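Structure at a glance
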Amino acid sequence: MKLLNKIFKLIILTIIICLLMFSYARYIEPSMLRVKNIDLKVKDIKACRVVFFTDTHFGKLYSQSNIDKIVKKINNQNPDIVIFGGDLLDNYARDYSLLDTDSLQKSLSKIEAKYGKYAVFGNHDYGGGASRVYEKFMNGGGFKVLKNESSYISDLNLNIIGYDDYLLGNTKKSDYKIEENKFNLVLTHEPDVVELMTSSSENFILSGHSHGGQVTITFLTDKILPVGAHKYVKGLYSEKDVGINDSTKMYVSSGIGMTSIPLRFLNSPEIVVFNI
């Protein structure tokens, strides 16, 4: 009888813990938007502050109502450059009736950056019919969308390279040969494409797509990672990790929104500030 009571109590305790974990992952962590600061030492570049955000996935699983909080946090960093890494909307066709695109564009236009705002396509910016509206929408919000092209900021001696989405966009192997002989900020939605890159210059690669796994649970996270984010999942990767050359690092952001499931666990939404 005592053994049955212990088993019963253990079951009840397990259920309570599971409910608490679910509540945290569903209602608390998705709202914990943090700002992470990373210092980068780069020669011959004027000191500047680059703010990177990605994977907002506005729609059914992550409400558009969060945009004002995101904009405020970005502007509070006094950025010189703002970069968006793709996947603005989760599923444009499915969530169209839930979105006020005019209001969303107006909010994006309130993001302030002294030397400009840049963006790249993510796979969700092509899927669900979003390819028809994404670039025009981001342009209307003041962002320049880079598709296998670069933009040089002479005042900072900084070059920004942006790639089209690897999964659904239009890229070829030769696009990933970086020939600019200067420091480059390289934007690519899917982080694993660094395996295709070659370069002899100094680069810092910014990526998203993985959501850091979105839900961190041993043995499960690896199985739910999206194509294009199996090797590089979250955080800062050194020159040795990236393997392109001895002067290329990469950061993979956990992103902000959610896709597939309305949960985040041990992968808080983040905005990343790079102090160069």
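Residues numbered from 1 in each chain as written. Predicted model: local features only at pLDDT ≥ 70, side-chain atom pairs only at ≥ 80, totals over all residues. Heavy atoms only, no water.

Now for the pairing of strand S13 (residues 248-252). Counted residue by residue, S13 has four buried out of five residues, so it is predominantly covered. Inspection of the sheet shows strand S11 (residues 203-207) paired to S13 by five bridges, in the parallel sense. Each residue of the ladder has a partner; that of phenylalanine 204, found in S13, is lysine 249. (Buried < 20%, exposed > 50% of the residue type's maximum accessible area, 1.4 Å probe, protein only. Helix = DSSP H or I, 4+ residues; strand = E, 2+ residues; numbered from the N terminus. Pairing = 2+ DSSP bridges.)

Here the chain is described as being made up of domain 1 (1-31) and domain 2 (34-275). One C-alpha centre belongs to domain 1, the other to domain 2; they are set 36 Å apart. On the side of domain 2, eleven residues touch domain 1, which itself brings eight residues to the contact. In total, domain 1 and domain 2 occlude about 800 Å² of area from one another, counting both sides; carbon and sulfur atoms represent 60% of this. Viewed at the interface, domain 2 and domain 1 are joined by zero salt bridges. Viewed at the interface, domain 2 and domain 1 are joined by five residue pairs in polar contact (both at pLDDT 80 or more). Looking at the side of domain 1 that touches domain 2, its residues break down into five nonpolar, one polar and two charged. (Domains from an automatic or database assignment. Contact = heavy atoms within 4.5 Å. Buried area = accessible area lost by both parts, 1.4 Å probe. Salt bridge = Lys/Arg side-chain N within 4 Å of Asp/Glu carboxyl O. Polar contact = N/O pair within 3.5 Å; in protein donor to acceptor, adjacent residues only side chain to side chain. Nonpolar A, V, L, I, M, F, W, Y, C, P; charged D, E, K, R; others polar.)

Right, let's talk about the layout of surface pockets for a bit. In this structure, the largest pocket occupies an estimated 270 Å³ of space. Lining the largest pocket are 16 residues; nearest its centre among them are Gln214, Ile224, Pro226, Thr259 and Ser260. Taken together, the residues of the lining of the largest pocket break down into five nonpolar, ten polar and one charged. Within this model, the second largest pocket holds a volume of roughly 210 Å³. What lines the second largest pocket is a set of 14 residues, among which Tyr92, Thr101, Val133, Tyr134 and Phe137 lie closest to the centre. (1 Å grid on protein atoms, 1.4 Å probe; cavity = no way out; pocket = protein on both sides within 12 Å on 5 of 7 lines; lining within 4 Å. Points joined across faces, edges and corners; volume = space filled by probe spheres on them.)

On the surface, a cluster of nonpolar side chains totalling about 1,200 Å² of accessible area is made up of Met1, Leu3, Leu4, Ile7, Phe8, Ile11, Ile12, Ile15, Ile16, Leu19 and Leu20. With respect to the helices and strands, isoleucine 11 occurs in helix H1 (residues 2-28). (Patch = residues over 30% accessible without salt bridge, like charges linked within 9 Å, V, L, I, M, F, W, Y side chains within 5 Å. Areas by Shrake-Rupley, 256 points an atom, 1.4 Å probe, with all protein chains shown as cover.)

Turning next to the sheet that holds S13. Taken together, the six strands give an open sheet; going across it, the order is S6-S7-S9-S11-S13-S12, and neighbouring strands pair in mixed fashion. In this open sheet, the two strands that pair with only one neighbour each are strand S6 (149-153) and strand S12 (235-237). Looking at each pair of strands side by side, their axes are set apart by 20° on average, direction ignored. Of the pairings in the sheet, the one linking strand S9 (residues 184-187) to S11 comprises four bridges and is parallel in character. Bridge assignment links leucine 185 to a residue of S11, and that residue is phenylalanine 204. (Axes fitted to C-alpha atoms, helices over the stretch in contact; angles between N-to-C directions.)

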